[in-house]
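Descriptive analysis of the structure
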Amino acid sequence: MESKVVLKEKNPHDKANFLSKIFLWWSFKLFKRGYKTGLTIEDLWQARSVDQSGPLGDRLEEAWEREVERSRKNNTKPSLSRAIVSSFWLEYMTSGILVGVLFIVVWPLIPYTLALFIKYFSSEKTPESYRNAHIHNFLLNFFSILSALLMNHTNLSQACVGMRVRIASCSLVYRKILKLNRVGISKTDSGQVINLMSNDVNRFDIAAPLLSILWVMPIVVPVVCYLVWQHIGYATLAALAVIVIQTVTVQVYLSNRQGILRGKIARRTDERVKVMSELVNGVQVIKMYAWEKPFEKLVDKLRKIEIKFILRTSFIKGFSTALSVFTERFILYAAVVTFVVTGGEISSDITFSLVQYYNLMQLACNILFPMALAFLAESRVSIRRLEEFLALDESEGDDPKIASFNANSLLNGMDSEKENSNNRVKPTGLVISNATASWQPNPIVHTLRNITLNFQPGEFIGVAGLVGSGKSSFLQLILGELRPSKGTVSLGGSRVSYASQEPWLFVATIKQNILFGLPYDRLKYKKVVTACALLRDFEQLPAGDSTMVGERGISLSGGQRARIGLARACYRNADIYLLDDPLSAVDTHVGKHIVSECVMGLLRHSTRILVTHQLHHLKQADRVVILHNGEVETCGTFEEVSKCPLFKELEHEEQSPDDSANPQILRKRTLSVQSRLSASTTAESPLDEEVEPSESDELMEKGREITRLHSQLNT
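Residues numbered from 1 in each chain as written. Predicted model: local features only at pLDDT ≥ 70, side-chain atom pairs only at ≥ 80, totals over all residues. Heavy atoms only, no water.

Quick look at the overall build of the protein now. Looking only at helices and strands, one finds 24 helices and ten strands in the protein. Classification of the 715 residues of the protein by burial places 45% in the buried group. In the protein, the share of contacts with a sequence separation of at least 24, taken over all contacts with a separation of at least 6, comes to 80%. Surface exposure of the protein reaches about 38,100 Å², of which carbon and sulfur atoms provide 58%. (Helix = DSSP H or I, 4+ residues; strand = E, 2+ residues; numbered from the N terminus. Buried < 20%, exposed > 50% of the residue type's maximum accessible area, 1.4 Å probe, protein only. Contact = heavy atoms within 4.5 Å. Areas by Shrake-Rupley, 256 points an atom, 1.4 Å probe, with all protein chains shown as cover.)

Let's shift gears to the packing of helix α5 (residues 127-179) against helix α8 (residues 202-211). The axes of two packed helices give the description: the angle between them and the distance between them. Viewed as axis vectors pointing N to C, α5 and α8 meet at an angle of 155 degrees, and their least axial separation amounts to 8 Å. Looking at the two axes, α5 sits roughly antiparallel to α8. Taken as a pair, α5 and α8 cross one another with a handedness that is right-handed. Residues Gln-158, Ala-159, Gly-162, Met-163, Val-165, Arg-166 and Ser-169 of α5 form the contact with α8, whose own contacting residues are Asn-202, Phe-204, Asp-205, Ala-208 and Pro-209. A class-by-class count of the residues in the contact of α5 with α8 yields six nonpolar, four polar and two charged. (Axes fitted to C-alpha atoms, helices over the stretch in contact; angles between N-to-C directions. Parallel < 35°, antiparallel > 145°, perpendicular 65-115°, else oblique. Left-handed = near helix turned anticlockwise from the far one by under 90°. Nonpolar A, V, L, I, M, F, W, Y, C, P; charged D, E, K, R; others polar.)

What follows covers the environment of Cys-598. Note on placement: Cys-598 falls in helix α20 (residues 588-602). Note on Cys-598: relative accessible area 0%, which makes it buried. When the C-alpha positions of Cys-598 and Cys-570 are compared, they lie 8.3 Å apart, and in sequence the two are 28 residues distant. In this structure, Cys-598 is in contact with Ala-531, Cys-532, Leu-566, Cys-570, His-593 and Leu-603, ignoring residues within four places of it in sequence.

Taken as a whole, this structure holds zero disulfides when the rule is applied. Here Cys-570 is not cross-linked by a disulfide; its sulfur's nearest cysteine counterpart is in Cys-598, at 3.4 Å. The class of Cys-570 is buried, set by a relative accessible area of 4%. (Disulfide = S-S within 2.5 Å.)

Sheet strands line up and pair through hydrogen bonds in the backbone, either parallel or antiparallel. A sheet is described by the order of its strands in space; here six strands give the open sequence β6-β7-β8-β4-β9-β10, paired in mixed fashion. The sheet terminates laterally at β6 (496-499) and β10 (631-636), the two strands that pair on one side only. Strand-to-strand twist in this sheet, taken as the mean axis angle between neighbours without regard to direction, amounts to 15 degrees. As paired strands, strand β9 (residues 623-628) and β10 are joined by five bridges and run antiparallel to one another. Among the inter-strand pairings, Leu-627 is bridged to a residue of β10, identified as Val-632. Sheet strands touched by helix α19 (residues 558-571): β6 and β7 (576-580). Its angle to β6, the strand with the most contacts, is close to 175 degrees. (Pairing = 2+ DSSP bridges.)

As enumerated under the stated definition, the model contains two cavities of 30 Å³ or more in all. Its volume calculated, the second largest cavity comes out at about 30 Å³. What lines the second largest cavity is Ile-510, Leu-534, Asp-537, Phe-538, Leu-541, Leu-556, Gln-560 and Ile-564. Residue assignment for the lining of the second largest cavity shows that the elements contributing at least two residues are α18 (535-540) and α19. Considered class by class, the residues forming the lining of the second largest cavity number six nonpolar, one polar and one charged. (1 Å grid on protein atoms, 1.4 Å probe; cavity = no way out; pocket = protein on both sides within 12 Å on 5 of 7 lines; lining within 4 Å. Points joined across faces, edges and corners; volume = space filled by probe spheres on them.)

Most of β9 is tucked away, with five of its six residues classed as buried. Two strands pair when backbone bridges link them, and strand β4 (residues 460-465) and β9 are joined in this way by five bridges, in the parallel orientation. Note on β9: the bridge partner recorded for Gly-465 is Leu-627. Hairpin connection between β9 and β10: a loop of two residues separates the two successive antiparallel strands, and Asn-629 in this loop has a positive phi of roughly 55 degrees.

Turning to its location among the elements, Asp-51 is positioned in the loop between α2 (28-37) and α3 (53-74). When near neighbours in sequence (up to four residues on either side) are disregarded, Asp-51 contacts Leu-56, Met-163, Arg-164 and Ile-167.

Glancing now at the UniProt feature "transmembrane region" (unreviewed entry) in the protein. On the UniProt side, "transmembrane region" (unreviewed entry) is annotated at positions that read residues 97-118, 138-156, 206-229, 235-254, 330-348 and 360-377 here. The distance separating the terminal C-alpha atoms of residues 138-156 is 27 Å; by composition the span is 100% helix and 0% strand. As a span, residues 330-348 carries 68% helix and 0% strand, and end to end its C-alpha atoms are 19 Å apart. (UniProt positions renumbered as here; feature names shortened; annotations may be inferred.)

Remark: helix α4 (residues 80-122) packs on helix α13 (residues 348-390), axes separated minimally by 9 Å, with the N-to-C direction vectors making an angle of 170 degrees. When the interaxial angle is binned, α4 and α13 end up roughly antiparallel.

Attention now moves to a nonpolar patch on the surface. Together, Val-85, Trp-89, Leu-90, Met-93, Ile-97, Val-101 and Val-105 make up a nonpolar patch on the protein surface, roughly 630 Å² of accessible area in all. Using a relative accessible area of 49% as the deciding quantity, one classes Trp-89 as partly exposed. (Patch = residues over 30% accessible without salt bridge, like charges linked within 9 Å, V, L, I, M, F, W, Y side chains within 5 Å. Salt bridge = Lys/Arg side-chain N within 4 Å of Asp/Glu carboxyl O.)

Within the chain, Leu-24 stands out as a residue other than glycine whose phi angle is a positive 60 degrees. Examined against the element boundaries, Leu-24 turns out to sit in the loop between α1 (18-23) and α2. Here Ala-533, not a glycine, exhibits a phi torsion of approximately 60 degrees, which is positive. Inspection of the secondary structure puts Ala-533 in the loop between α17 (522-531) and α18. For Ala-533, a relative accessible area of 0% gives the class buried.

What follows concerns the pattern of salt bridges. This model, assessed by the stated rule, comprises 28 salt bridges. The salt bridge partner of Glu-459 is Arg-623, with a shortest N-O separation of 2.8 Å. In this pair, Glu-459 is assigned in the loop between β3 (448-455) and β4 and Arg-623 in strand β9, connecting sequence segments 164 residues apart. For Glu-459, a relative accessible area of 15% puts it in the buried group. It is possible to trace a salt-bridge network through shared partners that takes in Glu-9, Lys-29, Arg-33 and Asp-43.

So, on to a positive patch on the surface. A cluster of basic residues, Lys-77, Arg-267, Arg-380 and Arg-384, forms a positive patch on the protein surface. The residue Lys-77 is located in the loop between α3 and α4 in this model. Under the relative-accessibility criterion, Lys-77 is labelled exposed at 70%. (Lys, Arg positive; Asp, Glu negative; His and termini not counted. Charge placed at Lys NZ, Arg CZ, Asp CG, Glu CD.)

It is worth spelling out the packing of aromatic side chains at this point. How two aromatic rings sit relative to each other is given by the distance of their centres and the angle of their planes. According to the stated counting rule, one finds 16 aromatic pairs in the structure shown. With 6.3 Å between their ring centres and 15 degrees between their planes, Phe-138 and Phe-142 make a pair best called stacked. With a gap of four residues between them, Phe-138 and Phe-142 both fall in helix α5, about one helical turn apart. Aromatic rings pair up to connect Phe-117, Tyr-120, Phe-121 and Tyr-130 into one cluster. Above the ring of Tyr-520, the side-chain terminus of Lys-511 is found at 4.5 Å from the ring centroid. Sitting above the plane of the Phe-516 ring, Arg-568 keeps its charged end 4.6 Å from the centroid. (Phe/Tyr/Trp six-rings, centres within 6.5 Å; stacked < 30°, edge-to-face > 60°. Lys NZ or Arg CZ within 6 Å of the ring centre and 35° of its normal.)

Right, dumping it as structure tokens:
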């Protein structure tokens, strides 16, 4: 799918010269524009090629696959940390070198040259000392300017590394979601995925600028201690003792506690987000039954539990910050007092240089090093959670038990649509031979048992059965989502298109939901929406097929969502169309239109497998398959299967059209916020391309709302 926001301006960093990159002049244009007129989405630049999510995700995915393969050979757990390091070691090393030069070389030289410069004013004035003072002054200013440049480039480099790791991790999680099978999906939930993508991966952004401190700090301490020793001798040990006691004894313990609490917070956040997602999706039912108060108490209880651990973490962070501020003065006090007590003579060059030296040691040892340990502990928790998610069961690309099955069989992208049909082998039909399958390993009873069927190209197959008989699982077996433990499934080189029982719609226009990334063919699009009875709905919607669809299609009725999902499947060029009960959410006359115009009309040259509870729609089917408890009860023409006793039971449960006027036995329909009429029409209606609504206004807002917001919160 294409991004809804298209950035047209190239990134100026790619064409910037050496000086522009050194002094960051290439970025001034954006700041100037923001200062004068404010920034919009269109003012931003395109991402650099090294920052694109596709290549970054490919790098991390390849490293993760190698790590998984290595763990299988060694019978160990795969490590995401090792995969990240093997993918981004060069970026980490480059930023680490900059940090090392800044902390080990440049910053210690600033107080060193400062002491030499100040010493000139307290010593005898000679031409040589005057010349040396100018040299020291020049070096002091040079190192100060160099430290500013290095610090900015170091922060930028480390932020870019953290951003790339975060983007690559998000891409890896997204790709994993697309490969999860039903067993893997059952072991996770939307709340966990949202928390992983929003909170856990952000730890890489936070931890990246501080990881280099873990190896820089042990080098900075002896370097600075040696320079301090030249001024105060043994008094250096007193200050060093204070630093070691605080860093090793206090800060390490607090960092470990912070990491433990981070794991507990993540689990509580997962649970809260999961409950909130369920509440948002079911808010209509909650409002209808007036369950607001009970669920409000439930959310409040979950939030209080989460806040309890967040409060503990905040206390630890606050105590660490306060301790670091106090330590700066105490270290200098301990060093100076010890130096004076041991007979040393204090002077201005010693005092001012000591302040700078101990500021550097305090920054490295008592501020950045504890923060690095804390964020490292939090990142390890996030990595462990990501590893657990990446270890979930997924659908395998190729299975010897599913002959002629590969990713291209289910590919709905542009490449499959552009494929020349003359170069393809003619499909030989769908063959299922003695297939047995189950969603769980080693089940007591298999979901499907001894399924043997042979469907010829172009046949219309109806599938019926009682609730829980395995109809949807039968389609999942054909899709390859459900792997057979015994028997084989052969697609015969056919391409498959699937309309799910619960249609999935994303936040975009109706047209974009139907096209789903494919190129727009006006004639084909019109045929599809006409066959799926969507023309009348387009006339009634405010912007026609350019109407924005809410999250999961919340602004549409159940029938509209079902027909949009059906239209998406029909727009694909496929040899086999799997239709999982698309008629359950539509009216009777709309269902007749879909069967006659879509199943028997638009798709008449392809194999159609229709799952439905409305048996009267199967009279035109070439064959009807009746499933019962995961087995094929009978298979034949409609007249043949109608003699089966189970068919009588199904016919008894089916609601006849004559009873639809009785409000007491009306079939339950899916609720929606803005229900629309689901009637159909075959009248001609223009489907001209309209300007699609933009979402840029929803992505940003500007102005001063602080005062009004505070007044609202206080009332």
